[in-house]
Amino acid sequence: MKRSHDIPRPPLTERCVLVGRAERSRGTTGSAAAAGRAAAHPHAAPTRPASLEELARLAETAGARVRGTIVTRPGPARPATFIGKGKLEELKQLAGEVNADMVVFDDDLTPAQVRNLEKEVGLKIVDRSELILDIFARRARTRESRLQVELAQLEYTLPRLTGMCETDRRIVRERIARLKRELEGVERERETQRARRRRAFRVALVGYTNAGKSTLFNALTRSQVLVEDKLFATLDATTRQMVSPERQLALVTDTVGFIRKLPHHLVASFHSTLVEAIEADLLVHVVDGADLHFRRQIAAVEEVLESILERPRPTIMVFNKADLLDGAESAALAAEFSDAFVVSAQGGEGLGELRSTIWEQAAERAALHAT
Ligand SMILES: Nc1nc2c(ncn2[C@@H]2O[C@H](COP(=O)(O)OP(=O)(O)OP(=O)(O)O)[C@@H](O)[C@H]2O)c(=O)[nH]1
Ligand SMILES: [Mg+2]
């Protein structure tokens, strides 16, 4: 993986070893029913802690092949190498055995830690933020998202360019300034479009990556945006019309998914697009109800929303993938989250009720504006 900004890039083909911490406590995520399903769920591998399971998916999304995992005890990190001596030896041995050429850390490392680890282990060291930035760089398609990703990558890289001379660092800083100016231009262009859309009732789909936002978007708007069993399939927001049987109109926006520990440079550079996308009259928070860890995913999404929205928005919660749940599990969800909807965006189950609620809210807003 290169740290520069030449996008798009070839897929990673590296064999990697993951390093992450053990979970502090068990049983705080998912319902008992979901826990019982853990072994059967395609994304769950009970031998790895949840955050590492997700890191493995991120690494695979970036094209790397996961060959081994090192789990460290929770606790304070070592300033020099993040992990202690014993774990470092274990890592070197495992990396040698599986012939790895890259090590991916689940936590963010300081520039010094990366340098020290690279020297000690003799392999490329990548942290979670860098991995996510790399995936975004590969997947950015529009001019705006490419600018945003490049900006985030350069801001991430700048403090890490220790080997570079001052002239080169200045070139990077100038490039950052230019990207920011270009982005401001793109944002002004969008402002015109935005003013036109203000009158319509606007619904934004938000949620954890891979929850099924794009699938639901397609169902609600009869569109065909990309749906994939991959993290961050969607990067650029798409807005389409949704039409009621009475020919009422609403605008629905599909957005980028969130993830735990989203790199803050990324949130910063995507800030304006995100705000625009989710400055809707109604947020539909899509949750993968079949994911064992849906609770922590809800918390992660709420955290990002709070950090970017000036004030809370009316939100409805939708538990998706009901077709993967049995009757008791769906009922338990519905009982616990009594205001939420339990649907299958793929199969259509529960979507009628969700649509009706959206139209009710649209009518309420229209009535409010008419007075
Ligand atoms: N079984 C089942 N799978 C679903 C359902 N909805 C979506 N999926 C699958 O979940 C995966 C992710 O769906 P997407 O719609 O791409 O999810 P997303 O939230 O847009 O994901 P990102 O854009 O990557 O953040 C795909 O493999 C879908 O086919 C559902 O109701 N049931
Ligand atoms: Mg999507």
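Let me begin by describing the structure that accompanies this report. (Residues numbered from 1 in each chain as written. Chains lettered and ligands numbered in written order. Predicted model: local features only at pLDDT ≥ 70, side-chain atom pairs only at ≥ 80, totals over all residues.)

1. Digging into the site of ligand 1
Step number 1: In the neighbourhood of ligand 1, 23 residues make up the surrounding shell, with Gly-212, Ser-214, Asp-229, Thr-234 and Gly-257 lying closest.
Step number 2: Looking at which element gives the most residues to the shell around ligand 1, the answer is helix 8 (residues 213-221), with three residues.
Step number 3: For the shell around ligand 1, the class distribution of residues is seven nonpolar, eleven polar and five charged. (Near = placed C-beta within 6 Å. Helix = DSSP H or I, 4+ residues; strand = E, 2+ residues; numbered from the N terminus. Nonpolar A, V, L, I, M, F, W, Y, C, P; charged D, E, K, R; others polar.)

2. As for the pairing of strand 6 (residues 238-243)
Step number 1: Inspection of the sheet shows strand 6 paired to strand 7 (residues 249-254) by six bridges, in the antiparallel sense. Paired with Met-242 across the strands is Ala-250, a residue of strand 7.
Step number 2: The hairpin formed by strand 6 and strand 7 contains five residues between the paired strands, and Arg-247 there has a positive phi angle of roughly 65 degrees. (Pairing = 2+ DSSP bridges.)

3. Comments concerning the sheet that holds strand 1 (residues 15-21)
Step number 1: Read from one edge to the other, the open sheet built from four strands follows the order 2-1-3-4, with strand pairing classed as parallel. Where the open sheet ends on each side, the last strands, each with one partner, are strand 2 (65-72) and strand 4 (124-127). Adjacent strand axes in the sheet meet at a mean angle of 25 degrees when their direction is disregarded.
Step number 2: Where strand 3 (residues 102-105) lies against strand 4, four bridges are found, and the strand directions are parallel. (Axes fitted to C-alpha atoms, helices over the stretch in contact; angles between N-to-C directions.)

4. Overview of the packing of helix 2 (residues 50-61) against helix 5 (residues 128-139)
Step number 1: At a minimum axis separation of 9 Å, helix 2 and helix 5 run at an interaxial angle of 40 degrees. Between helix 2 and helix 5, the angle falls in the class oblique. Here helix 2 runs over helix 5; the crossing is left-handed. Here Leu-55, Leu-58, Ala-59 and Thr-61 of helix 2 come into contact with helix 5, specifically with Arg-128, Leu-131, Ile-132 and Ile-135.
Step number 2: Per-class residue counts for the contact of helix 2 with helix 5 are six nonpolar, one polar and one charged. (Parallel < 35°, antiparallel > 145°, perpendicular 65-115°, else oblique. Left-handed = near helix turned anticlockwise from the far one by under 90°. Contact = placed C-beta atoms within 7 Å.)

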